[in-house]
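As a plain string of letters, each chain reads:
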Amino acid sequence: RRMLDIAADYGGGNVKFGGDALLLLFQGKDHAARAVTAASAMQRATRGFTTFHAGRNRIHLRMTTGVHSGNFYSAVAGLPGRQMQHFLLGTGITRVNEIQASATVGELVISDDTKNIVGDLCITSPRASYHLVLGLNKHLLPPKLDAVIRQTSSKLGSEHLIPFLPPFVAAALQQGNLQTSIEGEHRKVTIMFINVLGINELLEEKGDESLLADLQRYLSFVLGLCEEYGGFVSSNDTYTSGIKLIL
């Protein structure tokens with residue numbers, strides 16, 4: 001929650017959780033500067049968390065952070081009214097994953113594109129294909145909410161969101177039984193990861209319309225099989241190569 005609050009202070013929003021990772025989006029005026037400043041603040045906040053015990057292990061929360069500025073493709077595909085998924089696609093999202101993967105614990109790294117935009121905002125040390133942020137020359141104050149372009153409150157009702165939710169959450173919403181939170185469960189299940197390759201190549205060679213059409217056909221087929229065998233697509237995630245479907 002602390003990380004999401006910091007991101008929100010600088011006009012960023014969480015697009016998706018990927019395991020223990022956050023994919024945050026900053027858009028509008030000064031988006032790159034706000035993203036780098038927020039990432040730096042998140043690193044500082046993480047260092048403030050104390051060590052805690054988990055069984056016999058001592059755990060200290062730490063993080064790696066990668067920032068890239070560029071073009072990203074947003075797409076929706078699936079079975080309308082039943083199961084849908086939202087995707088971020090393209091070489092931009094691949095680059096974000098590569099940048100983040102290059103960081104070691106406690107590091108904030110940014111791409112050439114982000115460095116070119118933020119200029120002298122931060123002190124950096126060049127690495128192979130990215131820049132390690134050593135510190136900020138100036139600290140931006142969180143902007144006023146009306147000075148940042150954010151996603152406006154949607155007027156869509158819950159019926160439009162239900163197809164994007166896991167079935168058990170959707171069922172709770174439809175039955176009106178959803179509390180402020182859903183308790184976790186511990187039971188044996190089977191998880192499947194599908195790494196879908198060739199996304200960027202198809203996008204570059206045939207364009208976004210062709211990619212979306214193929215993605216729609218493929219995902220509809222996968223969702224149909226899930227329903228047939230009693231499973232569901234829980235979510236999707238970005239990856240350094242293609243995308244991942246989590247079933």
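Going by the structure above, here's the rest.
The rules behind the values
Residues numbered from 1 in each chain as written. Predicted model: local features only at pLDDT ≥ 70, side-chain atom pairs only at ≥ 80, totals over all residues. Heavy atoms only, no water. Helix = DSSP H or I, 4+ residues; strand = E, 2+ residues; numbered from the N terminus. Buried < 20%, exposed > 50% of the residue type's maximum accessible area, 1.4 Å probe, protein only. Contact = heavy atoms within 4.5 Å. Areas by Shrake-Rupley, 256 points an atom, 1.4 Å probe, with all protein chains shown as cover. Lys, Arg positive; Asp, Glu negative; His and termini not counted. Salt bridge = Lys/Arg side-chain N within 4 Å of Asp/Glu carboxyl O. Pairing = 2+ DSSP bridges. Polar contact = N/O pair within 3.5 Å; in protein donor to acceptor, adjacent residues only side chain to side chain. Axes fitted to C-alpha atoms, helices over the stretch in contact; angles between N-to-C directions. Core = buried A, V, L, I, M, F, W, Y, C linked by side-chain atoms within 4.5 Å. Parallel < 35°, antiparallel > 145°, perpendicular 65-115°, else oblique. Arc of directions from axis to C-beta.

Draft legend 1. Just the overall build of the chain, in detail. Of the regular secondary structure elements, the chain holds eight helices and 13 strands. Counting all 247 residues of the chain, 37% fall into the buried class. In the chain, of all internal contacts separated by at least 6 residues, the share reaching a separation of at least 24 is 59%. Of the roughly 15500 Å² of accessible surface on the chain, 53% is carried by carbon and sulfur atoms.

Draft legend 2. Molecular detail of unusual backbone geometry. Residue Asp30 is not a glycine yet carries a positive backbone phi of 55°. Here Asp30 shows up in the loop between strand E2 (21-26) and helix H2 (31-47).

Draft legend 3. Just the side chain of Asp237, in detail. With respect to the helices and strands, Asp237 occurs in strand E12 (residues 235-238). No salt bridge is formed by the buried Asp237; the nearest opposite charge belongs to Lys244, separated by 4.2 Å. Beyond its immediate sequence surroundings of up to four residues, Asp237 is in contact with Lys16, Gly18, Ile243, Lys244 and Ile246.

Draft legend 4. The pairing of E12, seen in detail. In terms of strand pairing, E12 meets strand E13 (residues 243-246) through four bridges, oriented antiparallel. Paired with Asn236 across the strands is Leu245, a residue of E13. Linking E12 back to E13 in an antiparallel pair, the connection comprises four residues, with Gly242 at a positive phi of about 75°.

Draft legend 5. View of the side chain of Thr94. Position of Thr94 among the secondary structure elements: in helix H3 (residues 91-102). We classify Thr94 as buried; its relative accessible area is 9%. Among the polar contacts listed, one links the side chain of Thr94 to the side chain of Asn200, at a separation of 2.8 Å. In this structure, Thr94 is in contact with Asn200, Tyr239 and Thr240, ignoring residues within four places of it in sequence.

Draft legend 6. Quick peek at the sheet that holds strand E5 (residues 65-67). Taken in spatial order, the four strands of this open sheet run E5-E8-E10-E9, and their pairing is mixed. Looking at strand neighbours, the two that pair on one side only are E5 and strand E9 (122-126), the edges of this open sheet. Each strand of the sheet is rotated relative to its neighbour by a mean of 35°, with strand direction disregarded. As judged from the five bridges shared by E9 and strand E10 (residues 131-136), these two strands associate in the antiparallel manner. Opposite Thr124, over in E10, you have Val133 as the bridge partner.

Draft legend 7. Quick peek at the nonpolar core. Of all hydrophobic cores here, the largest spans 23 residues; its most connected members are Ile6, Val36, Val67, Ile110, Val118 and Cys122. Contributing elements (two or more residues each) for this core: helix H1 (2-9), H2, strand E8 (108-110) and E10. Looking at which element gives the most residues to this core, the answer is H2, with nine residues. When residues no more than four places from it in sequence are discounted, the contact partners of Val36 are Val67, Leu108, Ile110, Thr114, Val118, Leu121, Cys122 and Leu136. In terms of nonpolar packing, the next biggest core, distinct from the first, is built from 20 residues, Leu203, Leu215, Leu219 and Cys226 among them.

Draft legend 8. Fine view of the packing of helix H7 (residues 199-206) against helix H8 (residues 208-228). Interhelical geometry of H7 versus H8 gives an angle of 135° and a closest axis separation of 7 Å. When the interaxial angle is binned, H7 and H8 end up oblique. When H7 is examined against H8, the residues Ile199, Leu202, Leu203 and Lys206 are found in contact with a partner set consisting of Asp208, Ser210, Leu211 and Asp214.

Draft legend 9. Structural context of H1. Taken as a whole, H1 has its buried residues at Met3, Ile6 and Ala7. For H1, the angular spread of buried residues about the axis comes to 100°, placing them on one side. At the C-terminal side of H1, Gly11 shows a positive phi close to 80°.

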